[in-house]
Amino acid sequence: MKRSDINPMPPFFDRYINLIEDVDIMEGFERYTPATIYHQSSKLIELADKVYAEDKWTVRDILQHVVDNERIMAYRALRFSRNDKTGLPGYDEQLLAKHTTASRRTVQDLMEEFSQVRLSTIALFKNMDDEMLTSIGNANQTEISPLALGFVILGHPMHHMRIIEQRYFPLL
């Protein structure tokens, strides 16, 4: 199923979903890998501890956030694809960011974890049929399908890479 098959298009999450071309979800996972999105690893390594303003995350914090977010979105997709209609809460990204070890990890280590998490996400999604992909659940008071969550998973890292390119790369 493709991005254009998402119905309803969830508010807020559309900012990530619309960063992805109208491709089949599995083609999207093949095309938008952690390595292709964050391909400028030498720059990321050089910027690992820098911030562009006070109280902003470092590149390592951003990478950890992207990994954490993928796990959360995949969990939601799992629950909704199995027709679980239990409303799921949102999460506090600032709270999660405060309680990580990202500052003690290397960019390479974070990227390795990201790649491993992505393999797990792909395994989850490749076994969903159309009915499972379009099953609607409620997360953070928003109706959303596993298909939409899959495109959030693909677009969210791209959103953060754009921020890195716009706000962090000028620090080099």
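Keep in mind that this is a model prediction, so the values were computed, not measured. (Residues numbered from 1 in each chain as written. Predicted model: local features only at pLDDT ≥ 70, side-chain atom pairs only at ≥ 80, totals over all residues. Heavy atoms only, no water.)

(A) Here's a closer look at the overall build of the chain. For the chain, the helix and strand inventory stands at 9 helices and 2 strands. Relative to a compact globule of 172 residues, whose C-alpha radius of gyration would be 16 Å, the chain shows 16 Å and is just as compact. Along the first, second and third principal axes, the C-alpha atoms of the chain reach 45 × 30 × 25 Å. The buried share of the chain, taken over its 172 residues, is 47%. Counting contacts in the chain only where the partners sit at least 6 residues apart, residues at least 24 apart contribute 76% of the total. Roughly 8800 Å² of accessible area belongs to the chain as shown, and the carbon and sulfur atoms make up 48% of that amount. Put simply, the chain has 20 plus and 25 minus side-chain charges, and the middle of one group is 3 Å from the middle of the other. (Helix = DSSP H or I, 4+ residues; strand = E, 2+ residues; numbered from the N terminus. Rg over C-alpha atoms; globule rule 2.2 N^0.38 Å. Buried < 20%, exposed > 50% of the residue type's maximum accessible area, 1.4 Å probe, protein only. Contact = heavy atoms within 4.5 Å. Areas by Shrake-Rupley, 256 points an atom, 1.4 Å probe, with all protein chains shown as cover. Lys, Arg positive; Asp, Glu negative; His and termini not counted. Charge placed at Lys NZ, Arg CZ, Asp CG, Glu CD.)

(B) Molecular detail of empty space enclosed by the protein. Taken as a whole, this structure holds 1 cavity of 30 Å³ or more when the rule is applied. Within this model, the largest cavity holds a volume of roughly 40 Å³. Every residue along the wall of the largest cavity is listed here: Asp61, Gln64, His65, Asp68, Tyr91, Glu93, Leu96, Ala97 and Thr100. Those elements giving two or more residues to the lining of the largest cavity turn out to be helix H5 (59-81) and helix H6 (93-98). Counting residues per element, the lining of the largest cavity draws most heavily on H5, which supplies 4 residues. Taken together, the residues of the lining of the largest cavity sort by class into 3 nonpolar, 3 polar and 3 charged. (1 Å grid on protein atoms, 1.4 Å probe; cavity = no way out; pocket = protein on both sides within 12 Å on 5 of 7 lines; lining within 4 Å. Points joined across faces, edges and corners; volume = space filled by probe spheres on them. Nonpolar A, V, L, I, M, F, W, Y, C, P; charged D, E, K, R; others polar.)

(C) Structural view of the environment of glutamine 108. By secondary structure assignment, the location of glutamine 108 is in helix H7 (residues 107-126). Residue classification places glutamine 108 among the partly exposed positions, given a relative accessible area of 47%.

(D) Quick peek at the environment of glutamate 27. Position of glutamate 27 relative to the elements: it lies in helix H2 (residues 25-31). It is 9.7 Å that separates the C-alpha atoms of glutamate 27 and methionine 1, two residues lying 26 residues apart in sequence.

(E) Spotlight on the nonpolar core. One finds Ile25, Tyr38, Phe125, Phe151 and Ile164 to be the most contacted residues of the largest nonpolar core, which totals 51 residues. Of all the elements in the fold, those that place two or more residues in this core are helix H1 (14-17), H2, H5, H7, helix H8 (130-134) and helix H9 (146-168). Here this core takes 12 residues from H9, the largest share from any one element. Look past the residues within four positions of phenylalanine 151 in its chain and what remains in contact with it is Met1, Lys2, Arg3, Ile6, Tyr16, Ile17, Ile20, Glu21, Val23, Asp24 and Ile25. (Core = buried A, V, L, I, M, F, W, Y, C linked by side-chain atoms within 4.5 Å.)

(F) Quick peek at the environment of glutamine 64. Turning to its location among the elements, glutamine 64 is positioned in helix H5. When its relative accessible area of 6% is taken as the criterion, glutamine 64 is described as buried. For the pair formed by glutamine 64 and glutamate 113, sequence separation is 49 residues and the distance between their alpha carbons is 8.9 Å. The residues contacting glutamine 64, other than those within four sequence positions of it, are Thr100, Ala102, Arg105, Leu110 and Glu113.

(G) Examining the packing of H5 against H7 more closely. For the pair H5 and H7, interaxial distance at closest approach is 10 Å and the crossing angle is 15°. It follows from the interaxial angle that H5 and H7 lie roughly parallel. Two packed elements cross with a definite hand, and for H5 against H7 that hand is left-handed. Here Arg60, Leu63, Gln64, Val66, Val67, Glu70, Arg71, Ala74, Ala77 and Leu78 of H5 come into contact with H7, specifically with Val107, Leu110, Met111, Glu113, Phe114, Val117, Arg118, Thr121, Leu124 and Phe125. When its residues are assigned to classes, the contact of H5 with H7 shows 13 nonpolar, 2 polar and 5 charged. (Axes fitted to C-alpha atoms, helices over the stretch in contact; angles between N-to-C directions. Parallel < 35°, antiparallel > 145°, perpendicular 65-115°, else oblique. Left-handed = near helix turned anticlockwise from the far one by under 90°.)

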